[in-house]
Amino acid sequence: MRIVLLGPPGAGKGTQAAQLVSQYGISHLSTGDVFRAAYREGDPLGLEAHEAISRGELVADEIVIGLVKQRLSRTHEGWLLDGFPRTREQAKSLDTFLQKEGEKLDCVLSIVARSETLIGRLQDRRICTDCGRSYHLKFKPPTLPGQCDICGGELYQRSDDRPEAIRKRLEVYEKETEPLVEYYKTKGLLKEIDGEGSMDRVYADIRAAVEEATRGGS
Ligand code: AMP
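Quick caveat: nothing in here was measured; it's all calculated off a predicted structure.

Q: Help me out: how do you make sense of helix α8 (residues 179-186) in this one?
A: Because each turn of an α-helix spans 3.6 residues, side chains separated by three or four positions end up pointing in the same direction. Considered for burial, the residues of α8 that qualify are L180, V181, Y183 and Y184. The buried residues of α8 all sit within an arc of 160° when viewed along its axis, so they share a single face. Residues of α8 that are buried sit in contact with β1 (2-6), α5 (88-101), β4 (107-112), α7 (163-177) and β8 (190-194). Directly beyond the C-terminal end of α8, a positive phi value near 75° is found at G188.

Q: So what exactly am I meant to see when it comes to the environment of S27 here?
A: Locating S27 in the fold gives a position in strand β2 (residues 27-30). You can call S27 partly exposed: its relative accessible area is 21%. With 25 residues separating them in the primary sequence, S27 and R2 have C-alpha atoms 9.4 Å apart. Not counting the four nearest positions on each side in its chain, S27 is found in contact with V21, T75, E77, G78, W79 and L80.

Q: Looking at this structure, I do not really get the site of the ligand. What am I missing?
A: As a structural note, the neighbourhood of the ligand is formed by 15 residues, with T31, R36, E57, G83 and R86 the closest of them. Here an oxygen atom of the ligand and a side-chain polar atom of R36 are 2.8 Å apart. Contact distances for the ligand include 2.6 Å between an oxygen atom and a backbone N or O atom of E57. Contact with the protein chains covers 96% of the free accessible surface of the ligand, which is 480 Å². Sort the elements by how many residues they give to the shell around the ligand and helix α2 (residues 31-40) lands first, with three residues. In the shell around the ligand, the residues fall into five nonpolar, four polar and six charged.

Q: What should I look at first to understand the pattern of salt bridges in this one?
A: A side chain with one charge may pair with a side chain of the opposite charge, provided their charged atoms come close. Taken as a whole and assessed by the stated rule, the structure comprises 18 salt bridges. Between R36 and D33 there is a salt bridge, with the nearest N and O atoms lying 2.8 Å from each other. Taken together, the positions of R36 and D33, both in helix α2 and three residues apart, correspond to about one turn of that helix. The exposure class of D33 is partly exposed, given its relative accessible area of 40%. Two residues, R114 and E196, come together in a salt bridge whose shortest N-O distance is 3.3 Å.

Q: Quick question: what am I supposed to make of the sheet that holds β2 here?
A: As a general point, the strands of a sheet are linked pairwise by backbone hydrogen bonds and lie either parallel or antiparallel. Strand order across the open sheet formed by five strands is β2-β3-β1-β4-β8, with parallel pairing between neighbours. In this open sheet, the two edge strands, each paired with only one partner strand, are β2 and β8. Here the average twist between neighbouring strands, direction ignored, is 20°. Relative to β4, β1 runs parallel, the two sharing four bridges. Residue pairing for β4: L5 is matched across the bridge by L109.

Q: Looking at this structure, I do not really get the sheet that holds strand β5 (residues 125-128). What am I missing?
A: With antiparallel pairing, the three strands of this open sheet are ordered in space as β6-β5-β7. Two strands lie at the open edges of the sheet, namely β6 (134-136) and β7 (155-156), each paired on one side alone. Pairing of β5 with β6, which is carried by three bridges, proceeds in the antiparallel orientation. Across the sheet, residue I127 finds its bridge partner in β6, namely S134.

Cut-offs used in this document
- Residues numbered from 1 in each chain as written.
- Predicted model: local features only at pLDDT ≥ 70, side-chain atom pairs only at ≥ 80, totals over all residues.
- Heavy atoms only, no water.
- Buried < 20%, exposed > 50% of the residue type's maximum accessible area, 1.4 Å probe, protein only.
- Helix = DSSP H or I, 4+ residues; strand = E, 2+ residues; numbered from the N terminus.
- Arc of directions from axis to C-beta.
- Contact = heavy atoms within 4.5 Å.
- Near = heavy atom within 4 Å.
- Polar contact = N/O pair within 3.5 Å; in protein donor to acceptor, adjacent residues only side chain to side chain.
- Areas by Shrake-Rupley, 256 points an atom, 1.4 Å probe, with all protein chains shown as cover.
- Nonpolar A, V, L, I, M, F, W, Y, C, P; charged D, E, K, R; others polar.
- Salt bridge = Lys/Arg side-chain N within 4 Å of Asp/Glu carboxyl O.
- Pairing = 2+ DSSP bridges.
- Axes fitted to C-alpha atoms, helices over the stretch in contact; angles between N-to-C directions.

Structure representation (structure tokens):
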């Protein structure tokens, strides 16, 4: 199974991706997670990407494409791409990669939500420094302020979840990434998902779309 997850920041890609990969036993590649982990470890990749990420801009295509190709060529079972591709250039490089490997995508899930919903989710989001679990100060607060319920780790706000960067990320999504919806629609791979509902409802829709695509009904 090979799936691409598209959607603006705050659409819930990370949360939905975690459920999908555990249900289907496939690998999860989140380019954003890779950059953040690399930054925490002081790895040159993370340091190079950090400035663009904090401003809410995209990391250069050649860096991201190199990273994804390297990871995917080591992954022989199915995978889910979360946050890649984000530009037409990246989508084209993924096509070329798949063609070379003799593989194809099963479907592209595009999660859609209104800007007010996205901004509300992002500005109050907090992440655990240790296990990466995500909280929301209003909708899913931790039991003890500033502390992860699961591992006790300290919660932090991503530098790109501040208002300036949120605005920029939404702009960048609209300009660079949204055109990929049409790109994959033309290929007959697109499944649009309403991301406004509860996590469970959105996941039920995602599952139905994946089941339909893998039965060959896309
Ligand atoms: P995410 O965790 O998916 O929200 O990604 C966080 C940030 O990492 C993005 O706002 C970009 O700065 C960078 N990033 C992640 N994936 C990509 C990508 N495919 N292309 C360019 N930049 C990316």
